[in-house]
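# Notes for the structure review
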Amino acid sequence: MDFNMKKLASDAGIFFTRAVQFTEEKFGQAEKTELDAHFENLLARADSTKNWTEKILRQTEVLLQPNPSARVEEFLYEKLDRKVPSRVTNGELLAQYMAEAASELGPTTPYGKTLIKVAEAEKRLGAAERDFIHTASINFLTPLRNFLEGDWKTISKERRLLQNRRLDLDACKARLKKAKAAEAKATTVPDFQETRPRNYILSASASALWNDEVDKAEQELRVAQTEFDRQAEVTRLLLEGISSTHVNHLRCLHEFVESQTTYYAQCYRHMLDLQKQLGRFPGTFVGTTEPASPPLSSTSPTTAAATMPVGPSVAGLAPPGEAALCLEEVTPPASGTRKARVLYDYEAADSSELALLADELITVYSLPGMDPDWLIGERGNKKGKVPVTYLELLS
């Protein structure tokens, strides 16, 4: 008990000394040991890394889970070290509603068949989204969170310890300065008259007392300087480790971009397959308005390739009920042919269609009785049906 009381009193004294030194520094009444410029740059870079890592982490969490209530729930599960329950994605929920609607409205009707096809595609999109969220959380969010909850806490702890060591050092410097000033005053300006022998003894005793105080202050200063230098070196090594953190975060960022690229490529492939499936239902789009056209020549090839076009309304040359034309017998008209630039890659659904590659030039023309959403396209000795929405007519 006595030992604890002594330690408590000692800690209270140290805390009071640091508080006095800190307050005097704020009011400009005490000198402060400044760190070198390189050390200050390391501190600034570490603070910047921590702040931006927090912002990137929070916004990535919003990207992966826009629902704030769901994010709070996942946070609580993680803090309680419990497994986060599986959550249905929005795409999977939409697929469920579409499948139920098709079952109730009639799965054999054109609308019901289309609902089933779209529901299957939305289910695949939801599964791809789930995989993307899982991969991004492990490969990107977890390393960022580990840095903030691990490395940064260690750095912050050592920085606080360095701040305390600096306050102790400056307090020792101030104490030594005061002791030397008192010693000089006691030596040069005696407090008693020189004519009295007793005062000689008192003056010599005061001078010796201040000498002892100066020696004690110098010893404490040497100890404080050693502890400060050692702590500054430890903190400097941790701050220089921020460079390794940047390398690790760079690798994680590459993995995040890779997973995001895979996710959007899967989504594009699923929707392209769905578009082709819907184009094979002749009655699906009957009575609908004219489909929206894709952007014209102002759209760059990169943007155009990433844009999902609207599919053709009827996948045939002739109206429903009429026989399809034989492509071998089709000859281009004497006038009316035009050049067209392909906006998107298109995979032919059957032998009557012409496969297209983005940015290639083909010759197109129309025939009497053709569906307005389709044209005849020619490339060399190959010809076939091509959807208008995939083309930009040039001349």
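All residue numbers refer to positions counted from 1 along the written sequence of the respective chain. Under the rules for a predicted model, residues below a pLDDT of 70 receive no local features and side-chain atom pairs below 80 are neither given nor counted, while totals for whole chains, interfaces and linings still include all residues. As a rule here, side-chain values cover all heavy atoms of the structure and leave hydrogens and water aside.

The name given to the protein in an unreviewed UniProt entry is Endophilin-B2, with the source organism recorded as Odobenus rosmarus divergens.

Looking now at the overall build of the protein. Scanning the protein from terminus to terminus reveals eight helices and five strands. Relative accessibility under 20% of the residue-type maximum defines a buried residue, over 50% an exposed one, and the middle range a partly exposed one, all with a 1.4 Å probe and only protein chains included. Put simply, the protein has 395 residues, and 33% of those count as buried. In this analysis, two residues are considered to be in contact whenever any of their non-hydrogen atoms come within 4.5 Å of each other. Contacts in the protein between residues far apart in sequence, at least 24 positions, make up 73% of those at least 6 positions apart. Areas reported as accessible are Shrake-Rupley estimates using a 1.4 Å probe. Residue values count occlusion only from the protein chains shown. Entry remark: accessible area of the protein is about 24700 Å², with carbon and sulfur atoms responsible for 58%. What counts as a helix is a DSSP run of H or I of at least four residues, what counts as a strand is a run of E of at least two, and both are numbered from the N terminus.

As used here, the term nonpolar core means buried Ala, Val, Leu, Ile, Met, Phe, Trp, Tyr and Cys residues forming a set that is joined through side-chain atoms within 4.5 Å. Ranked by internal contacts, the top residues of the largest apolar core, which has 34 residues, are Phe132, Phe140 and Leu239. Sequence-distant contacts of Leu239, that is, excluding residues within four places in its chain, are made with Phe39, Leu42, Leu43, Arg45, Ala46 and Ile155. Formed by 19 residues, the second largest nonpolar core is a distinct cluster that contains Val342, Ile376, Val386 and Tyr390.

Further remarks concern the environment of Lys117. Position of Lys117 among the secondary structure elements: in helix 5 (residues 110-188). Sequence separation between Lys117 and Ala95 is 22 residues, and the spatial gap between their C-alpha atoms is 9.5 Å.

The next thing to look at is the pattern of salt bridges. Salt bridges are identified by distance alone: a Lys or Arg side-chain nitrogen within 4 Å of an Asp or Glu carboxyl oxygen. Applying the stated criterion across every chain, the model contains 16 salt bridges. Two residues, Arg379 and Glu360, come together in a salt bridge whose shortest N-O distance is 2.9 Å. With Arg379 in strand 3 (residues 374-379) and Glu360 in the loop between strand 1 (338-342) and strand 2 (361-365), the pair connects residues that are 19 residues apart, well separated along the chain. Lys383 is paired through a salt bridge with Glu378; the nearest N and O atoms lie 3.6 Å apart. Overall, the relative accessible area of 25% leaves Lys383 in the partly exposed class.

On to the environment of Glu129. Relative to the assigned elements, Glu129 resides in helix 5. Of the residues examined, Glu129 reaches a relative accessible area of 22% and is grouped as partly exposed. Those residues within four positions of Glu129 in sequence are excluded, and the remaining contacts are Thr89 and Tyr263.

A few words now on the sheet that holds strand 3. Only when DSSP finds a minimum of two bridges between them are two strands counted as paired. In spatial order, the strands read 4-3-2-1-5; together these five strands make up an open sheet with antiparallel pairing. This sheet does not close on itself; its edge strands, each paired only once, are strand 4 (382-387) and strand 5 (391-393). Each strand of the sheet is rotated relative to its neighbour by a mean of 40 degrees, with strand direction disregarded. Strand direction decides the pairing type here: strand 3 and strand 4, joined by six bridges, are antiparallel. Bridging across to strand 4, Arg379 finds its partner in Lys382. What counts as an axis is a line fitted to C-alpha atoms, over the stretch in contact for a helix, and the angles between N-to-C directions run from 0 to 180 degrees.

Let's shift gears to the side chain of Thr60. With respect to the helices, strands and loops of the structure, Thr60 is situated in helix 2 (residues 37-64). On the basis of relative accessible area, Thr60 is assigned to the buried category, the value being 8%. At 2.6 Å, the side chain of Thr60 and the backbone oxygen of Ile56 are in polar contact. Ignoring any residue separated from it by four or fewer positions in sequence, one finds Thr60 in contact with Phe140, Leu141 and Phe256. Polar contact is the term for a pair of N or O atoms within 3.5 Å; when the atoms are in protein, one must be able to donate a hydrogen and the other to accept it, and sequence-neighboring residues count only if both atoms are side-chain atoms.

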